[in-house]
Amino acid sequence: MREMSKIIRNVTNLVYGFIIIFGFYIIVHGHLTPGGGFQGGAVVASAFAAMLISYGQLNTKKFLNINIFSLLESCGLTMFIGVAFLGLGTTFFYNFLANSGSWFGNIVIPGINAGDMNTAGVLPLMNIAVGLEVFSGLGIIVLLMADGAEYTKKKEKAENDR
Amino acid sequence: MIGNFPYFAVILLIGCGIYILMFQKNLIKLAIGINLIENGINLFLITLGYRKGAIAPIYTQAPSGQAMVLPTPQALTLTSIVIGVATSALILSMAMMIYKHYGTIEVNEVRRLRG
Amino acid sequence: MKKIIFVIAFIVFFSFLVVSAVNMRPFGNPTFSEMDDYFIKNAQSETGANNVVTSIVFDYRGFDTLGEATVLFTTIVGIVALFRRITK
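Reference entry: report on the structure contained in this document. (Residues numbered from 1 in each chain as written. Chains lettered and ligands numbered in written order. Predicted model: local features only at pLDDT ≥ 70, side-chain atom pairs only at ≥ 80, totals over all residues. Heavy atoms only, no water.)

Quick word on the nonpolar core
Among the nonpolar cores identified, the biggest contains 59 residues, and Phe 48, Phe 80 and Met 126 of chain A are the most heavily contacted of them. Mapped by element, the contributors of at least two residues to this core are helix 1 (6–28), helix 2 (37–55), helix 4 (66–86) and helix 5 (123–161) of chain A, helix 3 (71–102) of chain B together with helix 2 (34–47), helix 3 (52–60) and helix 4 (62–82) of chain C. By residue number, the principal contributor to this core is helix 5 of chain A, which donates 15 residues. Beyond its immediate sequence surroundings of up to four residues, Phe 48 of chain A is in contact with Tyr 16, Ile 20, Leu 64, Phe 69, Phe 135 and Gly 139 of chain A. Ranked by size, the runner-up nonpolar core spans 10 residues in total, among them Ile 11 and Ile 37 of chain B together with Phe 10 and Ala 21 of chain C. (Core = buried A, V, L, I, M, F, W, Y, C linked by side-chain atoms within 4.5 Å. Buried < 20%, exposed > 50% of the residue type's maximum accessible area, 1.4 Å probe, protein only. Helix = DSSP H or I, 4+ residues; strand = E, 2+ residues; numbered from the N terminus. Contact = heavy atoms within 4.5 Å.)

Now the structure itself:
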């Protein structure tokens, strides 16, 4: 994949950070507004895909590292299972933080309300874990498929030249 | 009859997907067919949980006094969408590897070239 | 000959789909909704989340999400193994 024109690169530079921040906003507000870990992770991964398309695959590899992504993905899945295990005093996947008064433990007013960030127990933690896993996983998929396409094109060209 | 219009959208999607899977030989087209079937199933699940005139099941600043649609099909559709993304990524990667090995993505030519 | 059999099978399958769509219950009023009404009524007090769908995904039906996260992880492991020789 070659580098695209200067206009596209500049617009991507401008928008990149905002897309990532919007994705993390969706992840963190998963228990209050439409959205959650999967959707926000997909939004963040779309920022990586835009970077890959506009800068080409060789330049993108300088600042998006597959090893870091795979580390983040393993961390996300381990954190998800770990949070699920923390409730094991009662059952697996027990929501032990909800309505407890500590972290994310404010008591919510039933019915329609304005939304309090500090509620919902373990759900925000699980949203963050799943969001981490999804965006790093989709980033790995996008980067690896770009690599594979580049390799196939190079091999095809070599066979045509021969 | 006209009230069942969403179900006809669903069977149109599923029918197109099945048609592609039965009559096409291109691996990319097969992936498109599988995705069409999957989107039809997702639309069917969402359709089953709809209640007339109801709002999304989120309490943050919702309009008061309205019914809410059924939340369980939406949650299961969320699961289904992510699994669909995973399977289609795997299918496309397999298609890329097949193209790299055999130089073609037509299913019936793949076998003939090099066992 | 093979194509004719395929066409007949497709027509049979599609007519089955059309018949079942005509006979479905009318759009917009679910028949059984006791479980969902329970969720809508009690999700806020039991899990503290305003978003009922999130509270179902991560709390009531957490095992589904666990399996689904495992499927995603396995897929990515598979893709990394497929492209292992290329990306070296």
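A word on the environment of Thr 72 of chain B
Topologically, Thr 72 of chain B is positioned in helix 3. Thr 72 of chain B sits 27 residues away from Leu 45 of chain B along the chain, and the two C-alpha atoms are 9.6 Å apart. Within polar-contact distance, the side chain of Thr 72 of chain B engages the side chain of Asp 36 of chain C at 2.5 Å. (Polar contact = N/O pair within 3.5 Å; in protein donor to acceptor, adjacent residues only side chain to side chain.)

Considering the interface of chain B and chain A
Across the contact, 16 residues belong to chain B and 19 residues belong to chain A. It is Thr 60, Met 96 and Lys 100 of chain B that lose the most area in chain B upon contact with chain A, and together they represent 35% of the buried surface on that side. At the boundary of chain B with chain A, the tally comes to zero salt bridges. Seen at the junction of chain B and chain A, the total is one residue pair in polar contact (both at pLDDT 80 or more). (Buried area = accessible area lost by both parts, 1.4 Å probe. Salt bridge = Lys/Arg side-chain N within 4 Å of Asp/Glu carboxyl O.)

Quick notes on the side chain of Glu 68 of chain C
Considering the arrangement of structural elements, one finds Glu 68 of chain C in helix 4. Among all residues touching Glu 68 of chain C, those that are not within four sequence positions of it are Phe 38 of chain A together with Thr 79, Val 82 and Ile 83 of chain B.

Regarding unusual backbone geometry
A positive phi angle, near 65°, is found at Phe 93 of chain A, a position not held by glycine. Structurally, Phe 93 of chain A is set in the loop between helix 4 and helix 5.

Comments concerning a nonpolar patch on the surface
Residues and elements named next belong to chain A. A grouping of Met 1, Met 4, Ile 7, Ile 8, Val 11, Leu 14, Val 15 and Ile 53 is seen on the molecular surface, where their side chains present a nonpolar patch of about 710 Å² in accessible area. Of all the elements, helix 1 adds the most residues to the nonpolar patch, at five residues. Residue Met 1 is classed as partly exposed on the basis of its relative accessible area, which comes to 36%. (Patch = residues over 30% accessible without salt bridge, like charges linked within 9 Å, V, L, I, M, F, W, Y side chains within 5 Å. Areas by Shrake-Rupley, 256 points an atom, 1.4 Å probe, with all protein chains shown as cover.)

Points about the side chain of Asn 26 of chain B
Following the sequence through the fold, Asn 26 of chain B ends up in the loop between helix 1 (5–23) and helix 2 (27–48). Apart from residues no more than four positions distant in its own chain, Asn 26 of chain B is found in contact with Ile 105 and Glu 106 of chain B.

Observations regarding the interface of chain B and chain C
Between chain B and chain C, the residue contacts involve 44 residues of the former and 43 residues of the latter. The largest contributions to the chain B side of the interface with chain C come from Ile 11, Phe 23 and Tyr 59 of chain B, which together make up 15% of the buried area. Inspection of the chain B/chain C interface yields nine residue pairs in polar contact (both at pLDDT 80 or more). Here the element with the most residues in the side of chain B that touches chain C is helix 3 of chain B; it accounts for 18 residues.

Observations regarding the pattern of salt bridges
This structure, assessed with the given rule, holds three salt bridges over all chains. With a shortest N-O distance of 3.2 Å, Asp 147 of chain A and Lys 61 of chain A are connected by a salt bridge. With Asp 147 of chain A in helix 5 and Lys 61 of chain A in the loop between helix 3 (57–60) and helix 4, this pair connects stretches of sequence that are 86 residues apart. Overall, the relative accessible area of 5% leaves Asp 147 of chain A in the buried class. In this structure Lys 61 of chain A comes out as partly exposed when scored by relative accessible area, which is 39%. For Arg 51 of chain B, the salt bridge is made with Asp 37 of chain C, and the minimal N-O distance between the two is 3.0 Å. With one member in each of two chains, Arg 51 of chain B in the loop between helix 2 and helix 3 and Asp 37 of chain C in helix 2 form a pair that bridges those chains. For Asp 37 of chain C, a relative accessible area of 35% corresponds to the partly exposed category.

Describing helix 2 of chain B
Residues and elements named next belong to chain B. Taking 1.5 Å of rise per residue, the 22 residues of helix 2 would be expected to cover 32 Å, and the 32 Å separating its terminal C-alpha atoms lies within 8% of that figure. Listed as buried for helix 2 are Leu 30, Ala 31, Gly 33, Ile 37, Glu 38, Gly 40, Asn 42 and Thr 47. In this structure Asn 26 caps helix 2, since a side-chain oxygen of it lies 3.2 Å from the backbone nitrogen of Ile 28. (Expected span 1.5 Å × (residues − 1).)

Concerning the packing of aromatic side chains
All names here are of chain A. All chains considered together, the criterion is met by 20 aromatic pairs over all chains. With 6.5 Å between their ring centres and 20° between their planes, Phe 22 and Tyr 25 make a pair best called stacked. With Phe 22 and Tyr 25 both in helix 1 and three residues apart, the pair spans about one turn of that helix. Residue Phe 22 is classed as partly exposed on the basis of its relative accessible area of 45%. (Phe/Tyr/Trp six-rings, centres within 6.5 Å; stacked < 30°, edge-to-face > 60°.)

By themselves these figures say nothing about function.
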